[in-house]
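# Reading the structure
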Amino acid sequence: AAPAPLAAMTPAGGAGAAGVARQLQILLVEDQVVNQRVVRAILGKLLGGSFGIDVANDGREAVELVMARGHAYDLVLMDIQMPHMDGLEATRRIREWERTTRPDEPRFFISALTAHASDDDRRECISAGMDWFLTKPVVPKVVRELIDSLPARATATLSAPTPAP
């Protein structure tokens, strides 16, 4: 089945309040300002104004944002190498927080965002709990594929992990 239009997406694939569409909510975890700008520009071209974005400059900030906001992001784009806490550890902590505080809720969809593209790097990211693997430089076509896969994956729960592509 074709994915739902992004403007019609609702939290975790469920119905929105009174059928009201909402924006795709994204958490970008990236320590390099230039890379933040590139990803924002790609998302802007692909989605227009139909997304909201929070930016964390390292894994520690990402974990704090997820815990403090308590709401589900539709997509977390997670750099791997960052100061203070890397993306692998941040993902592990987010997954643990999900298991302990919201076990019946759909899990966040986390994609690696990394320059490290080996099969071992990919396995390490998936093992940490990531759902997808984007390499840098970021290619808009691949980001589009990732975004198009979100509605179907939004119903994945912690008890039934989403397989990697």
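## Topic: the overall build of the protein
For the protein, the count of helices and strands is 5 helices and 5 strands. Moving toward the C terminus, one meets the helices and strands of the protein in the order β-α-β-α-β-α-β-α-β-α. A burial count over the protein gives 45% of its 165 residues as buried. Of the roughly 8100 Å² of accessible surface on the protein, 55% is carried by carbon and sulfur atoms.

## Some remarks on helix α1 (residues 33-47)
For an α-helix the count is 3.6 residues per turn, leaving residues at separations of three or four pointing the same way. For α1, spanning 15 residues, the distance from its first C-alpha to its last is 21 Å, which sits close to the expected 21 Å at 1.5 Å a residue. The positive-phi residue at the C-terminal boundary of α1 is G48, with phi of around 65°.

## Examining the side chain of T114
Tracing the chain through its elements places T114 in strand β4 (residues 110-114). On the accessibility criterion, T114 (1% relative accessible area) is buried. A distance of 3.0 Å separates a polar side-chain atom of T114 from the backbone nitrogen of H116. The contacts of T114, once residues within four sequence positions are left out, are D79, I80, F133, L134, T135 and K136.

Cut-off values and rules
- Residues numbered from 1 in each chain as written.
- Predicted model: local features only at pLDDT ≥ 70, side-chain atom pairs only at ≥ 80, totals over all residues.
- Heavy atoms only, no water.
- Helix = DSSP H or I, 4+ residues; strand = E, 2+ residues; numbered from the N terminus.
- Buried < 20%, exposed > 50% of the residue type's maximum accessible area, 1.4 Å probe, protein only.
- Areas by Shrake-Rupley, 256 points an atom, 1.4 Å probe, with all protein chains shown as cover.
- Expected span 1.5 Å × (residues − 1).
- Polar contact = N/O pair within 3.5 Å; in protein donor to acceptor, adjacent residues only side chain to side chain.
- Contact = heavy atoms within 4.5 Å.

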